[in-house]
There are 2 protein chains.
Amino acid sequence: MKRWESVTIIGVGLIGASIGLALRERRLAKNVVGVGRRASSLRKAKACGAVTATTTNLERGVSDAELIVVCTPVELIVQRAVEAAALAGPGTLITDAGSTKAEIVRTLDRSLQGNQDVDFVGSHPMAGSEKTGPTHARADLFEGRVSVVTPTTRTSNSARDAIEEFWRSLGANVVRLSPRQHDRTVAMISHLPHVISSAVAASTPDADLPLASTGWLDTTRIAAGDPELWRQILSDNRADVLKSLGKFEKVLASFRRALERDDQRKLIQLLEAGKQRREALGN
Amino acid sequence: MKRWESVTIIGVGLIGASIGLALRERRLAKNVVGVGRRASSLRKAKACGAVTATTTNLERGVSDAELIVVCTPVELIVQRAVEAAALAGPGTLITDAGSTKAEIVRTLDRSLQGNQDVDFVGSHPMAGSEKTGPTHARADLFEGRVSVVTPTTRTSNSARDAIEEFWRSLGANVVRLSPRQHDRTVAMISHLPHVISSAVAASTPDADLPLASTGWLDTTRIAAGDPELWRQILSDNRADVLKSLGKFEKVLASFRRALERDDQRKLIQLLEAGKQRREALGN
């Protein structure tokens, strides 16, 4: 397993701090530098052992980095990656942890084209929680979870392999997809469930909450996620989210018709289809 | 706490067997008789210690009972309760554990009207799991969970109090509601989430499943529930489920419009509403 001399993490929220913790606990990096804009987050990340040094100065933060991981909210990734690339030394590898990929990778491929010294490969570690911030970071956050890596025709094989190896070294299962394929898939499997979960929670009258049991609690758990982070994700990927929403609405309309007509056969058929798909995975 | 000489449980699935286990572990009943139609389920319930005796003969099963708890699927509750009432001794108390109440309680109030010796009070312990059968029974299934009790104008206060005390003795928090109010509330907080969860699972293409993460898994967990049990519940309560579905569809339509127009302010507003409602409860 590669041991890095110095890794820089830009944005020390839940994901960034968990990467730092995992690198430190697995002894995969000697120095982990946390770069952020708020001193309070940086202090927390340092206190929990996620980083060995912190700075609000991007230039100082990336000067010695072999690897830079941009873990900011989706809307800031391109800007921070471009700035970091301009300040980084030759041979630096850059990746990100954004929940959407097509727009980010397209823009960065174009922006970094002139920069021969820096390699960018898009990533999306599919781990997380409705909790945010470095205090909820966990060294095992990526273990057994999927990290998607999205190389393009402009990505060098060596950079791609290094980034895939990086996620594997944190315990993740790497899945390689094109940025478009990634966005289409996560629209269905991640962004749509967020919309649905939020809509179930929002449509429940307060008066009904005292009877909430595991069903409501499980179905609405991700609705507690950070609205600002999710606004960015849904807005960035809205075309694909709308397509996934269309598929869901079709099934829901079948449920509605079956209930209106008290069509027992159709109800069973729909419930069976949901059960089968759910049980294709475990808990 | 009242100690029962003999409690009879009709239907030893997850709920019935868990009631038996809880009665036994808390030393609340000397004899717990399991009545069922399948010898295999009865054997399993006995093997896990949920009941002290078993029989497929209803008459023998209820002859000594002070309390009878009907834990069959919703569609069988009325029939089994009427049969049990006809065979039970004077002073026997009967309750059920059905997920719907209006129709069951109305029919039983009418059917048992002539029977001066038997008291019926409807109940719905809001505990459960996507898992079914006596082998998943747990003595602590009702601890800290809500059990709804639905007395009517025909219910004697002493019967109502005894049944409320019964659920409290198993660790449950008792909520008293009219059968109609119960059905309206669970349509929103339990039956609608089941439909939604099932529709999310059913609309997800198999090809997308490898990227499923906690969000999809949480949101679809209850879709693994028994389709036959849920068909009965949804069909029985379909008028109220359709009203709840209407409320959900309205919020979902707002999400759709906000995505179509890329209306950032509206998106944040919807996500905030979902988060607030969700966080009114804990994990």
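How each quantity is defined
- Residues numbered from 1 in each chain as written.
- Chains lettered and ligands numbered in written order.
- Predicted model: local features only at pLDDT ≥ 70, side-chain atom pairs only at ≥ 80, totals over all residues.
- Pairing = 2+ DSSP bridges.
- Helix = DSSP H or I, 4+ residues; strand = E, 2+ residues; numbered from the N terminus.
- Axes fitted to C-alpha atoms, helices over the stretch in contact; angles between N-to-C directions.
- Contact = placed C-beta atoms within 7 Å.
- Domains from an automatic or database assignment.
- Nonpolar A, V, L, I, M, F, W, Y, C, P; charged D, E, K, R; others polar.
- Buried ≥ 20, exposed ≤ 12 C-beta atoms within 10 Å, placed from the backbone.
- Arc of directions from axis to C-beta.
- Core = buried A, V, L, I, M, F, W, Y, C linked by C-beta atoms within 7 Å.
- Parallel < 35°, antiparallel > 145°, perpendicular 65-115°, else oblique.
- Left-handed = near helix turned anticlockwise from the far one by under 90°.
- Right-handed = clockwise from strand over helix to strand, strands pointing away.

Here we come to the sheet that holds strand β8 (residues 173–176) of chain B. All names here are of chain B. The eight strands are arranged β3-β2-β1-β4-β5-β6-β7-β8 in an open sheet whose pairing can be described as mixed. Taken across any chain shown, the strands that pair with only one partner, and hence form the sheet edges, are β3 (53–55) and β8. Strand-to-strand twist in this sheet, taken as the mean axis angle between neighbours without regard to direction, amounts to 25°. Inspection of the sheet shows strand β2 (residues 29–35) paired to β3 by three bridges, in the parallel sense. Note that in β3 the partner of V33 across the bridge is A53. The sheet strands contacting helix α6 (residues 157–169) are β4 (67–70), β5 (93–96), β6 (119–125), β7 (146–150) and β8, and the helix crosses β6 at an angle near 30°.

All names here are of chain A. Segmentation of chain A into domains returns domain 1 (4–177) and domain 2 (182–279). Domain 1 puts 14 residues into the contact, and the matching count from domain 2 is 14 residues. Listed by contribution, the elements that provide at least two residues to the side of domain 1 that touches domain 2 are α4 (74–87), α5 (102–111) and β7 (146–150). Residue composition of the side of domain 1 that touches domain 2, grouped by class: five nonpolar, five polar and four charged.

For the rest of this paragraph, the subject is α5(A). Residue and element names in this part refer to chain A. Within α5, burial applies to A102, I104, V105 and L108. One side of α5 holds all its buried residues, which, seen down the axis, span an arc of 165°. Contact partners of the buried residues in α5: α4, β5 (93–96), β6 (119–125), β7 and α7 (179–203).

We now examine unusual backbone geometry. All names here are of chain B. Unlike most non-glycine residues, R27 shows phi in positive territory, near 50°. Secondary-structure assignment places R27 in the loop between α1 (14–25) and β2. Among the residues examined, R27 registers 9 C-beta atoms within 10 Å and is labelled exposed.

With that out of the way, let us pick up the nonpolar core. Within the largest apolar cluster, 176 residues are counted, with the highest numbers of intra-cluster contacts made by I9(A), I68(A), A84(A), I9(B), I68(B) and A84(B). Setting aside anything within four residues of it in sequence, one finds I9(A) in contact with G16(A), I19(A), G20(A), V32(A), G34(A), V35(A), V51(A), V69(A) and C71(A).

The contact between α7(A) and helix α10 (residues 238–260) of chain B brings their axes to 9 Å, and the two run at 130°. Taken together, α7(A) and α10(B) sit at an angle that is classed as oblique. As α7(A) runs across α10(B), the sense of the crossing is right-handed. Between α7(A) and α10(B), the contacting residues are V195(A), A199(A), V200(A), A202(A) and S203(A) on the first element and K247(B), F248(B), V251(B), L252(B) and F255(B) on the second. Split by residue class, the contact of α7(A) with α10(B) holds eight nonpolar, one polar and one charged.

Turning next to the pairing of β7(B). All names here are of chain B. The buried count for β7 comes to four of five residues, which makes it a mostly enclosed element. Of the pairings in the sheet, the one linking β6 to β7 comprises four bridges and is antiparallel in character. Of the residues in β7, the one forming a bridge with S123 is V149. Examined bridge by bridge, β7 and β8 share four bridges and lie parallel to one another. Across the sheet, the residue bridging to V149 is R176, located in β8. For the crossover that starts at β7, traverses α6 and ends in the parallel β8, the hand is right-handed.

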